[in-house]
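So the chains spell out like this:
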There are 2 protein chains.
Amino acid sequence: MRHTYREVEQCATKVALNLISGKWKPIIFFHLSSGAMRFTELWREIPRVSKKVLLEQLRQLESAGLVERTVQNGFPPEVTYQLTHKGAELAPILYRLDQWAMRHIEGVVQIS
Amino acid sequence: MRHTYREVEQCATKVALNLISGKWKPIIFFHLSSGAMRFTELWREIPRVSKKVLLEQLRQLESAGLVERTVQNGFPPEVTYQLTHKGAELAPILYRLDQWAMRHIEGVVQIS
DNA sequence: CGGTATCCTGGACGATACTG
DNA sequence: CAGTATCGTCCAGGATACCG
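Anyway, here's the lowdown on the structure attached to this text. (Residues numbered from 1 in each chain as written. Chains lettered and ligands numbered in written order. Predicted model: local features only at pLDDT ≥ 70, side-chain atom pairs only at ≥ 80, totals over all residues. Heavy atoms only, no water.)

### With respect to the protein's contact with DNA strand C
Right, on to step 1. Every one of the 21 residues lining DNA strand C counts as a neighbour, but Thr40(A), Arg69(A), Tyr81(A), Lys52(B) and Gln57(B) are closest to it.
Right, on to step 2. The sugar-phosphate share of atoms of DNA strand C within 4 Å of the protein amounts to 61%.
Right, on to step 3. Taking Arg59(A), its side chain carries an N or O atom lying 3.3 Å from a phosphate oxygen of DNA strand C.
Right, on to step 4. In the environment of DNA strand C, a phosphate oxygen lies 3.2 Å from a nitrogen or oxygen atom belonging to the backbone of Val79(A).
Right, on to step 5. When residues of the surface near DNA strand C are traced back to their parent elements, those giving at least two are helix 3 (39-45), helix 4 (51-63) and strand 3 (78-83) of chain A together with helix 4 (51-63) of chain B.
Right, on to step 6. With four residues, helix 4 of chain A is the single largest residue contributor to the surface near DNA strand C.
Right, on to step 7. Split into classes, the residues belonging to the surface near DNA strand C amount to 10 nonpolar, three polar and eight charged. (Near = heavy atom within 4 Å. Polar contact = N/O pair within 3.5 Å; in protein donor to acceptor, adjacent residues only side chain to side chain. Helix = DSSP H or I, 4+ residues; strand = E, 2+ residues; numbered from the N terminus. Nonpolar A, V, L, I, M, F, W, Y, C, P; charged D, E, K, R; others polar.)

### A few points about helix 1 (residues 12-20) of chain A
Right, on to step 1. The element helix 1 of chain A is extensively covered by neighbouring structure, given that eight of its nine residues are classed as buried.
Right, on to step 2. Among the residues making up helix 1 of chain A, those that are buried are Ala12(A), Thr13(A), Lys14(A), Val15(A), Ala16(A), Leu17(A), Leu19(A) and Ile20(A).
Right, on to step 3. Residues of helix 1 of chain A that are buried make contact with helix 2 (25-32), helix 4 and helix 5 (85-104) of chain A together with helix 1 (12-20), helix 2 (25-32) and helix 5 (85-104) of chain B. (Buried < 20%, exposed > 50% of the residue type's maximum accessible area, 1.4 Å probe, protein only. Contact = heavy atoms within 4.5 Å.)

### A short note on the pattern of salt bridges
Right, on to step 1. This structure, assessed with the given rule, holds six salt bridges over all chains.
Right, on to step 2. Ionic pairing is found between Glu89(A) and Arg103(B), a salt bridge with its closest N-O pair at 2.7 Å. Here the residue Glu89(A) occupies a position in helix 5, and Arg103(B) occupies one in helix 5, the pair thus bridging two chains.
Right, on to step 3. When its relative accessible area of 52% is taken as the criterion, Arg103(B) is described as exposed.
Right, on to step 4. A salt bridge links Glu78(B) to Arg38(B); its shortest N-O distance comes to 3.8 Å. Of the two residues, Glu78(B) is situated in strand 4 (residues 78-83) and Arg38(B) in strand 2 (residues 37-38); the sequence distance between them amounts to 40 residues.
Right, on to step 5. A residue is classified by how much of its surface remains accessible, and Glu78(B), at 29% relative accessible area, is partly exposed. (Salt bridge = Lys/Arg side-chain N within 4 Å of Asp/Glu carboxyl O.)

Next comes the structure, spelled out in structure tokens:
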């Protein structure tokens, strides 16, 4: 492993982590990695969030360029969310994180 | 609320992220990946943290099993911190996150 | 359906001083 | 040197109600 980073570069990992470290972002990310989903559809899968917060997290993922929001005209409104290319490139990395976690976290785990 | 791991398989990524998502943990992790360091040595490298908080972050990394604390007897006291095996296995994954960030975050980057 | 608008609370983080 | 001990601030996240 190399350690030739400079002051700013050291934080690249941190910057990346910030993009996905909202309370519900990993789960959102997980669901969206199967494909596009409507807002309510996503909400049903993650029932413990308030709509407000789910929205906030989505907006943040959106402005981080990881998620794209698409509006279809008509009534009732139809809005879908999906991973961008940039977001999709993150998936295999998160998958490795997941594998690591599975290897090291056994038994009972704390959720909140 | 406690759940068995099976119930939150989806969240393994989240669990992993929680372990390293303290404000200073990625940077601590970065520094320790070069080898063991004494407390003050580490503190000098990360001057914007208070000792209290640096301690907190180290304790959390420690109880997550990512970092090991070693005390040498004598005065003045000498305490070193280093990555555990489990922690070291995380390094290549964080390195890929870093690579991803470097590819996608251009220009000036926010440090805080 | 897919949002806003308010109001509130816990806890992460910080500043500072003291100690074995 | 490597910590505790206090006290204070800020804001992410939550509860709830309303809207086009």
